[in-house]
Amino acid sequence: MKFIDTLLLAFRTVKSNRLRTGLTVTIIAFGIMALVGIITAIKAMNQKFSESFSSMGANGFTIRFKERNMNFGGGRGDDLAVSKKGKKEKQSNLNKVITREQAEYFISHYHFPGAMAGISVFGGRSNIMSFGDKKTSPNVVLMAGDENYLNLNAYKVLYGRNFTAGEIRGAQNLCVLGFDVAKSFFGEAMDKGINTTVRINNMPYRVLGILEGKGSTFGFSRDNMVVTGYPNWARNFGNTTASYVIAVKVNDLKQLDAAMGEAESLFRPIRKNSITEASNFAMDRSDSAVQTAMNVLRYIRWAAIVIGVITLLGAAIGLMNIMLVSVSERTKEVGLIKAIGGKKQSVKTQFLLEAIIISILGALLGILLGIIVGNLFSLVLNTGFVVPWDWVAYGIVICTIVGLAAGIYPAVKAGRLNPIEALRYE
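Owing to the predicted nature of the structure, the values given are computational and were not obtained by experimental measurement.

S.K.: Lay out the nonpolar core with the relevant residues and their values.
M.R.: Judged by nonpolar contacts, the single largest core of 54 residues is most densely connected at F61, I63, F106, M129, L177 and V198. For this core, the leading source of residues is helix α8 (residues 256–270), giving six residues. Residues V25, F351, A355 and A363 belong to the second largest nonpolar core, which totals 24 residues.

S.K.: I'd love a proper account of the pattern of salt bridges, names of residues and values included.
M.R.: Taken as a whole and assessed by the stated rule, the structure comprises five salt bridges. R64 serves as the salt-bridge partner of D284, at 2.6 Å between the closest nitrogen and oxygen. With D284 in strand β16 (residues 281–285) and R64 in strand β1 (residues 60–65), the pair connects residues that are 220 residues apart, well separated along the chain. D284 gets classed as partly exposed once you look at its relative accessible area, which sits at 23%. Note that E104 and R100 form a salt bridge whose closest N and O atoms lie 3.1 Å from each other. Residue E104 and its partner R100 are both found in helix α3 (residues 100–109); the two are separated by four residues, about one turn of the helix.

S.K.: Quick rundown of helix α6 (residues 179–186)? Include the residues and the values.
M.R.: Of the residues making up α6, those classed as buried are V181, A182, F185 and F186. When α6 is viewed along its axis, its buried side chains cluster within an angular range of 105° and face the same direction. If you follow the buried residues of α6, they end up packed against β5 (129–131), β6 (134–135), β9 (174–177), β10 (197–200), β11 (203–211) and β14 (225–229).

S.K.: How would you sum up the side chain of N148? Please name residues and give values.
M.R.: With respect to the helices and strands, N148 occurs in the loop between β7 (141–145) and α4 (149–152). Polar contacts involving the side chain of N148 include one to the main-chain carbonyl oxygen of A117, which spans 3.0 Å. Once residues within four sequence positions are removed from consideration, N148 is found in contact with M116, A117 and G118.

S.K.: An account of the packing of aromatic side chains is requested, with residue identities and associated values reported.
M.R.: With the rule as written, the count across this model stands at ten aromatic pairs. On the basis of an interplanar angle of 40° and a centroid distance of 5.9 Å, the ring pair of F131 and F185 is categorised as tilted. Taken together, the residues span a long stretch of sequence, with F131 in strand β5 and F185 in helix α6 at a distance of 54 residues. By relative accessible area, F131 is classed as partly exposed at 24%. Plain terms: the ring middles of F267 and F281 are 4.9 Å apart, the flat faces sit at 75° to each other, and that makes the pair edge-to-face.

S.K.: Break down the pairing of strand β15 (residues 245–249) for me, citing the residues and quoting the values.
M.R.: For β15, the buried fraction is high: four of the five residues fall into the buried class. Two strands pair when backbone bridges link them, and β1 and β15 are joined in this way by four bridges, in the antiparallel orientation. Bridge pairing links F61 to V248 in β15. Pairing between strand β4 (residues 116–122) and β15: five bridges, direction antiparallel. Within β15, the residue paired with A117 across the bridge is V248.

S.K.: Could you give an account of the packing of α3 against α8, with specific residues and numbers?
M.R.: Where α3 meets α8, the closest approach of the two axes is 10 Å, and the angle between their N-to-C directions is 140°. With respect to each other, α3 and α8 are oriented oblique. The element α3 and its partner α8 pack so that their crossing is right-handed. Here Q102, Y105, F106 and H109 of α3 lie close against α8, whose contacting residues are A263, L266, F267 and I270. By residue class, the composition of the contact of α3 with α8 is six nonpolar, two polar and no charged.

S.K.: Tell me about a nonpolar patch on the surface, and please be specific about residues and values.
M.R.: On the surface, L368, I372, L376 and L379 cluster together to form a nonpolar patch covering roughly 420 Å² of accessible area. Structurally, L376 is set in helix α11 (residues 344–381).

S.K.: Before we move on, can you summarise α3 with the specific residues and values?
M.R.: Among the residues of α3, those classed as buried are Q102, A103 and F106. End-on, the buried residues of α3 take up no more than an arc of 100°, which puts them together on one face.

Definitions and cut-offs
- Residues numbered from 1 in each chain as written.
- Predicted model: local features only at pLDDT ≥ 70, side-chain atom pairs only at ≥ 80, totals over all residues.
- Heavy atoms only, no water.
- Core = buried A, V, L, I, M, F, W, Y, C linked by side-chain atoms within 4.5 Å.
- Buried < 20%, exposed > 50% of the residue type's maximum accessible area, 1.4 Å probe, protein only.
- Helix = DSSP H or I, 4+ residues; strand = E, 2+ residues; numbered from the N terminus.
- Salt bridge = Lys/Arg side-chain N within 4 Å of Asp/Glu carboxyl O.
- Arc of directions from axis to C-beta.
- Contact = heavy atoms within 4.5 Å.
- Polar contact = N/O pair within 3.5 Å; in protein donor to acceptor, adjacent residues only side chain to side chain.
- Phe/Tyr/Trp six-rings, centres within 6.5 Å; stacked < 30°, edge-to-face > 60°.
- Pairing = 2+ DSSP bridges.
- Axes fitted to C-alpha atoms, helices over the stretch in contact; angles between N-to-C directions.
- Parallel < 35°, antiparallel > 145°, perpendicular 65-115°, else oblique.
- Left-handed = near helix turned anticlockwise from the far one by under 90°.
- Nonpolar A, V, L, I, M, F, W, Y, C, P; charged D, E, K, R; others polar.
- Patch = residues over 30% accessible without salt bridge, like charges linked within 9 Å, V, L, I, M, F, W, Y side chains within 5 Å.
- Areas by Shrake-Rupley, 256 points an atom, 1.4 Å probe, with all protein chains shown as cover.

Next up, the structure:
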């Protein structure tokens, strides 16, 4: 019997046992669906993380104060602890904010080739803005920065312009509106909002520009914000407990480590750190957050693989059981095939092909369901349609192996049947 004839016969046999085949295919499909679905969702999350944390690009870093919970040893009552670098770390230095004077001194003395540096400070999330008789909810984010803030954080001006250095130094009541705030005030005619006067917490501000929309990240809008100059913020809203943040971007990614090293060596004396002390400030690469998130997602992916493998192992056992039952039910059929000249190898091949066909059908159904389920999650995150092509191929290969593993023993058992005894089988 030719291979194509054996394959067609296997297809007909699988088709004739629809209920049994359907149940087995469903078991396999759920295993692959869990695997492909979670992988698809993870790819969507990777895409979202990459979009969300690319605001400064991979070639930037920030300098901020070090929180108390970032110490690496010692209790609250200890005066000294030991940092990861083995240097003594004063507990009194933790939670020590970066002052405006320290940030400005750093900016004026940091001259790394090709680097851009800027100062910013967080003005809170509970701000109210108004324009005429229109008023926002008390959830507008107020950010205060310098003329480099928009560039360093990858914001683009849709209408109007950015601050100038003179306007920042002059602490004028000027602002740049986020897309959501501008739309709530001016609707589709946002360009009409330039040079109008809005109120931030009842303080009048002239609108210099309106930013392009950046969308939301996990339900938090990046456009429900307003930006003003940090000297102006310090005059109108500032407090002594606020900590300033320094952001730096370099032109060449290869120079990032050198730029961070020079920044640390300059800022340590400003922060009054001795040679034996650890730095009382933190330096974060702009890609560190996304790398941390990616590492977490990598563990989730491995967990998904383990879940999928366990499910497929159960499916393989079920498939083997069904194939053994099929051998028992078709004992006379096997005896008849052998009696009319059918070869032992043909019988084994037919049973093996049946197991593989059922597994591949389960794989195709599971991949389809997995992509649909995974992309439902991508709709929630507002990312593009995701197809994990590598795992589509892996799923088919894995299910083929499952079919082979589950079908070998039943196929061998069918091939060893004695034709005379098989024909007598009741």
